[in-house]
Amino acid sequence: MKVEFSSSVKYEGAVAAPVFVDNRHSLGADALDKASAGAISRAQKGSRFTGKAGQAIEIKAPSGVDAQTVVLGGAGDRDAADALSWEAFGARVLKAVQMSGASVLEFDMRELDDAACARVAFGALLAAYRFDKYRTTLADDKKPSITSIRVICSDSAAAKKLFAPLNETAAGVVLARDLVSEPANVLHPEAFAKRAQDLEEFGLEVQILDEKDMKKLGMNALLSVGLGSNYGSKLAVMSWFGAKDRKEAPLVLVGKGVCFDTGGISLKPGAGMWDMKGDMGGAAAVTGAMRALAGRKARANVIGIIGLVENMPDAAATRPGDIVTSADGQTIEVQNTDAEGRLVLVDALWYGLRYKPKQIIDFATLTGAIIIALGHENAGIFSNDDALAGALDAAGKSSGETVWRLPLGAGYDKLIDSKYADMKNIGGRGAGSITAAQFLRRYVGETPWAHVDIAGTAWKDSSDDPREPTWATGFGVRLMDRFVAEQCEG
Ligand code: BES
Ligand code: MN
Ligand code: ZN
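This is a predicted model, so every value here is computed, not measured.

(A) Spotlight on the coordination of the zinc ion (ligand 3). Each protein donor to the zinc ion (ligand 3) is listed here as Lys256 (NZ), Asp261 (OD), Asp279 (OD) and Glu340 (OE); together their distances run 2.0 to 2.4 Å. Site description for the zinc ion (ligand 3): donor spacing in sequence, K-x4-D-x17-D-x60-E. Separating the zinc ion (ligand 3) from the manganese ion (ligand 2) is a gap of 3.2 Å, which aspartate 261 spans by donating to each of them. Note that lysine 256 is positioned in strand E10 (residues 251-261) and aspartate 279 in the loop between E10 and helix H9 (281-295), a separation of 23 residues in sequence. Taken as a pair, lysine 256 and aspartate 279 share a single burial class, namely buried.

Structure representation (structure tokens):
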């Protein structure tokens, strides 16, 4: 998608203008109305459009206006308009005309501030996302027609400058969505590691550890998950040194990268198992975030570590009851091979702690139980540090990728004590997301740590948010991008 900003008013394709609550026109909407001799107002009166956020109406080829179609987008309350509401406006409008036949979408934002102009383009870009690469018979009229966006604004140079970093963030979101959407026969652990390596192009330092390297380090918890797979397990480390001092303690991000989760010997039921190609959503979020941060040259040191494995049943696979020793020496009784994400994470966390991070945050599609608790509206967070949890909550609110904190505690920790080893990898029937977090908690010591369970937010079967496609959302990229901007870049 091409995005440009222009200070001159010229309409050619689909033209959009904001309308605020109670049908209060922006200058663009007003100009369109005048040029069309009131056709816009008449169309509005004949509809239920009032300018409420989320609304849009289309008026085809009104005479007097050089446009194929005019879209009025509800921009809500003018005084309450903020970055997120402008994103939603841009996204909603894009969705309204994406298939219309017009190839250019012009937003007439002439009197609105530069930040709003940049956000509208960002929202439209997020909304334009599709994963069509495997559709060979898609009819031409089922393909998007919009291929470029032009935002008409008073200071196009200023808006363009504000948009540049957002464009990188969007590229990170798109990367994460693509990775989650790819099927597991294509995006297996070795292929994912290559995709991570490709990010060197953006100035990231990338290092790939293979099974031999990890064996040497004793990372047997992670390795135990991949024993049944034909693909080699990998650990990819993506480093971005953007702070003034390369030695400044980094933020470490860790991602669960289970490229496919069959459950292993504790095999999952068949119905719906196909969604488990997305069980690398944590790794995708971390990879997308690293792409975004490097792209916009974030002034912070950030290390992204992803554990890449495939969980398959096989003669060589881990059995229920097997005991494995993780890299830090703690022993784990694997009672359920479907609780594999935590096994991957603890060795990746251990590796991350070697960087002496000032904070460490992991992302994982870890538990079905988090969907029971929070649905698809919020990711669950767990933390040993109130300030970090608060900072994540704030970044969630400003990015729109919201989180909700759940508790940790000694009573929950007891539930994963094992008869034969230091711990077992499942708790009882209750508090499944919390016992999973307690398992991770046993590895992080006093380092400020947060765990983000994105099992309910990494993909969704449907969404009311026009920025999100159906299925892979790229959840975590915007959250981490905001977190770094608010907490690390000062
Ligand atoms: N990858 C799943 C969790 C999951 C479920 C993610 C649904 C997205 C949607 C994870 O590895 C898993 O299987 N967890 C088990 C844990 C249980 C065996 C303790 C679960 O949630 O049932
Ligand atoms: Mn599982
Ligand atoms: Zn899993």
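(B) Broad picture of empty space enclosed by the protein. Tallied over the entire structure, the rule returns two cavities of 30 Å³ or more. Of the voids in this model, the largest cavity is the one considered here, and its volume is about 80 Å³. Around the largest cavity, the lining residues are Ser224, Val225, Gly264, Ile265, Asn311, Met312, Ala317, Thr318, Val334, Thr337, Glu340 and Leu343. Split into classes, the residues belonging to the lining of the largest cavity amount to six nonpolar, five polar and one charged. Roughly 30 Å³ of volume is contained in the second largest cavity. If you go around the second largest cavity, the residues you meet are Ala176, Val180, Gly281, Ala284, Ala285, Ile454, Ala458, Gly474 and Phe475. Elements supplying a minimum of two residues to the lining of the second largest cavity: helix H5 (156-181) and H9. The element best represented in the lining of the second largest cavity is H9, accounting for three residues. Looking at the lining of the second largest cavity, its residues break down into seven nonpolar, two polar and no charged.

(C) Focus on the domain arrangement of the protein chain. Taken domain by domain, the protein chain holds domain 1 (2-155) and domain 2 (169-487). If you look at the interface, domain 1 gives 15 residues, while domain 2 gives 19 residues. Of the roughly 1,400 Å² buried between domain 1 and domain 2 on both sides combined, carbon and sulfur atoms contribute 64%. Area buried by domain 1 at its contact with domain 2 is led by Leu84, Leu126 and Tyr129, which between them contribute 44% of it. One can count two salt bridges joining domain 1 with domain 2. A salt bridge links glutamate 87 to arginine 467; the shortest N-O distance between them is 3.0 Å. Inspection of the region where domain 1 meets domain 2 yields seven residue pairs in polar contact (both at pLDDT 80 or more).

(D) Spatial organisation of helix H14 (residues 432-444). Of all 13 residues making up H14, 10 are buried, and the element is well covered by its neighbours. Within H14 the residues assigned to the buried category are Ser433, Ile434, Thr435, Ala436, Ala437, Gln438, Phe439, Leu440, Tyr443 and Val444. Once H14 ends, the next one or two residues include glycine 445, with phi positive near 60 degrees.

(E) Structural view of the coordination of the manganese ion (ligand 2). For the manganese ion (ligand 2), every protein donor is listed as Asp261 (OD), Asp338 (O), Asp338 (OD) and Glu340 (OE), and the spread of their distances is 2.0 to 2.2 Å. One way to put it: the six donor atoms around the manganese ion (ligand 2) meet at angles of 72 to 167 degrees, and that makes the site irregular. On the primary sequence, the residues serving as donors to the manganese ion (ligand 2) are separated as D-x76-D-x1-E.

What counts and what doesn't
- Residues numbered from 1 in each chain as written.
- Chains lettered and ligands numbered in written order.
- Predicted model: local features only at pLDDT ≥ 70, side-chain atom pairs only at ≥ 80, totals over all residues.
- Heavy atoms only, no water.
- Donors = N, O, S within 2.8 Å, 3.2 Å for Na, K, Ca; no water.
- Helix = DSSP H or I, 4+ residues; strand = E, 2+ residues; numbered from the N terminus.
- Buried < 20%, exposed > 50% of the residue type's maximum accessible area, 1.4 Å probe, protein only.
- 1 Å grid on protein atoms, 1.4 Å probe; cavity = no way out; pocket = protein on both sides within 12 Å on 5 of 7 lines; lining within 4 Å.
- Points joined across faces, edges and corners; volume = space filled by probe spheres on them.
- Nonpolar A, V, L, I, M, F, W, Y, C, P; charged D, E, K, R; others polar.
- Domains from an automatic or database assignment.
- Contact = heavy atoms within 4.5 Å.
- Buried area = accessible area lost by both parts, 1.4 Å probe.
- Salt bridge = Lys/Arg side-chain N within 4 Å of Asp/Glu carboxyl O.
- Polar contact = N/O pair within 3.5 Å; in protein donor to acceptor, adjacent residues only side chain to side chain.
- Tetrahedral: all angles 85-135°; square planar, octahedral: opposite > 155°, others 65-115°.

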